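Residue-level listing of the chains:
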Amino acid sequence: MINAPLPRIDLDDELRNYLLEYCRLKPGETWNDPEKKHKVACLGVEDNQQIKKIFEGRKASLAIHDPPYNFIAFEKKKLEKFISWCKVWIKLTNELLDENSSLYVWLGADQNSHFQPLPQFMQMMEDSGFESKSFVTVRNQRGYGTQKNWMAIRQELLFYTKGNPKFYVEADYTDIPKILKGYYKTVNGKETDNFERSKSEFIRAGNVWVDIQQVFYRMEENVNGCFAQKPLTSIQRIVNASSAKNDLVIDFFSHSGTTLLACEQLERRCITIDIDSVFCEITIRRLEQFRNKKLTGWQNSNPFYQEILNDKKIKKYLSDKYEIKIQEEKVTS
Ligand SMILES: C[S@@+](CC[C@H](N)C(=O)[O-])C[C@H]1O[C@@H](n2cnc3c(N)ncnc32)[C@H](O)[C@@H]1O
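Residues numbered from 1 in each chain as written. Predicted model: local features only at pLDDT ≥ 70, side-chain atom pairs only at ≥ 80, totals over all residues.

Draft legend 1. Region of the structure containing the packing of helix H6 (residues 232-242) against helix H7 (residues 258-265). Packing of H6 against H7 brings their axes to within 9 Å, and their N-to-C directions diverge by 60 degrees. As far as their axial angle goes, H7 and H6 are oblique. At the point where H6 passes H7, the crossing takes the right-handed sense. Between H6 and H7, the contacting residues are Leu232, Ile235, Gln236 and Val239 on the first element and Thr258, Thr259, Leu261, Ala262, Cys263 and Gln265 on the second. Its residues assigned to classes, the contact of H6 with H7 shows six nonpolar, four polar and no charged. (Axes fitted to C-alpha atoms, helices over the stretch in contact; angles between N-to-C directions. Helix = DSSP H or I, 4+ residues; strand = E, 2+ residues; numbered from the N terminus. Parallel < 35°, antiparallel > 145°, perpendicular 65-115°, else oblique. Left-handed = near helix turned anticlockwise from the far one by under 90°. Contact = placed C-beta atoms within 7 Å. Nonpolar A, V, L, I, M, F, W, Y, C, P; charged D, E, K, R; others polar.)

Draft legend 2. Quick look at the environment of isoleucine 326. Considering the arrangement of structural elements, one finds isoleucine 326 in the segment after helix H10 (312-322). Residue isoleucine 326 is classed as buried on the basis of its 22 C-beta neighbours within 10 Å. As for isoleucine 326 and asparagine 310, which are separated by 16 residues in sequence, their C-alpha atoms are 9.8 Å apart. Ignoring any residue separated from it by four or fewer positions in sequence, one finds isoleucine 326 in contact with Ala4, Ile308, Leu309, Lys315 and Leu318. (Buried ≥ 20, exposed ≤ 12 C-beta atoms within 10 Å, placed from the backbone.)

Draft legend 3. View of the site of the ligand. Near the ligand you find 20 residues, and of these Asp66, Phe253, His255, Ser256 and Thr258 are the closest. Of the residues contributing to the shell around the ligand, the split by class is 10 nonpolar, five polar and five charged. (Near = placed C-beta within 6 Å.)

Draft legend 4. Broad picture of unusual backbone geometry. Cis rather than trans, the peptide bond between glutamine 116 and proline 117 has omega equal to 0 degrees. The phi angle at glutamate 56 is positive, at roughly 45 degrees, despite the residue not being glycine. On the basis of neighbour count, glutamate 56 is assigned to the exposed category, with 8 C-beta atoms found within 10 Å. The backbone of histidine 114 shows a phi angle near 55 degrees, a positive value even though the residue is not glycine. Topologically, histidine 114 is positioned in the loop between strand E4 (97-107) and helix H4 (118-124).

Draft legend 5. Highlighting the environment of tryptophan 89. Examined against the element boundaries, tryptophan 89 turns out to sit in helix H3 (residues 79-96). Distance from tryptophan 89 to glycine 44, taken between C-alpha atoms, is 9.7 Å for residues 45 residues apart in sequence. Residue contacts for tryptophan 89: discarding those within four places in its chain leaves Val45 and Phe252.

Draft legend 6. Representation of the domain arrangement of the protein chain within the structure. One can read the domain layout of the protein chain as domain 1 (1-22 + 304-333), domain 2 (30-170 + 205-297) and domain 3 (178-203). Spacing between the C-alpha centres of domain 1 and domain 2 amounts to 28 Å. Between domain 1 and domain 2, the contact holds nine residues from the first and nine residues from the second. (Domains from an automatic or database assignment.)

Draft legend 7. Up close: the packing of helix H1 (residues 13-20) against H10. For the pair H1 and H10, interaxial distance at closest approach is 11 Å and the crossing angle is 160 degrees. What the angle tells us is that H1 and H10 run roughly antiparallel. Like other packed secondary-structure pairs, H1 and H10 cross with a definite hand, here left-handed. Listed contacts from H10 to Glu14, Leu15 and Tyr18 of H1 are Lys313, Ile314 and Tyr317.

Below is the structure:
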């Protein structure tokens, strides 16, 4: 097996600059899927004229956005500035969504700083033209590891709608396992619980998702170099619940391309953007790798493995700075 991890690309400008050489998109450019299903554009969310152009008048039925959370990763903005920035891309999302559509936003809450930016974001959404629908909590095992406080293992996911979109899981059981007893009720003089009354091992759609495995290096879907990758199952759940086959889905913060990949798997079309050429390239490669090899990520390898193998300067850089040795895969007979 190949063992070729990459450090976080967002934190290492030198590595990012080396990788730029192998990226197809320069800022402002768009990759049009040769199979004519999806588009990936290297644009910032601020560039609303350019973004509208690539939609060519089409409207989407679902938006899934995962912006930088204003703490942990990526640049930290002043809170008011962050919220004004969010307002800009939420307005644009509204313009690009169909009259009956859904919007999901992944967000964080900094417990060391009055849970910013979650409450301010929620408040800002009051005047956005969207209705609040649900506040999903996804169990995020990664946490920060502290012995002085409850470990932060929650990931917030906000669900909004515009008009009256369909919600496809109402009548069905989800794939979320039933893990606790509940609903005690006396039936024919006998006290029963939910395990006895329903044969299903799964629960109906609820807004606490305890069954999502966070991505780590041993999983096939792992994309080394991408720190903020969302689990594919979480995006598949959203896509299944809030869109139909052939619908258009948008994601303004592509990163490792999880939304695009879920759309490919579930036969939706996706337009996704990222401000960074390297993450746009990773997004395109992830789709290509899935189409060519049916793999959802690189596990212990990385999206630029072949180029790095032949590029002495990157190899030396990774070895000197991180003691990462990128080597040819050993073929065992
Ligand atoms: C939290 S990550 C998204 C993770 C993604 N959901 C996944 O599963 O891989 C945020 C991404 O937003 C991008 N980004 C940051 N500022 C942006 C901006 N102004 N416009 C577009 N993308 C931006 C970053 O380059 C980063 O790749």
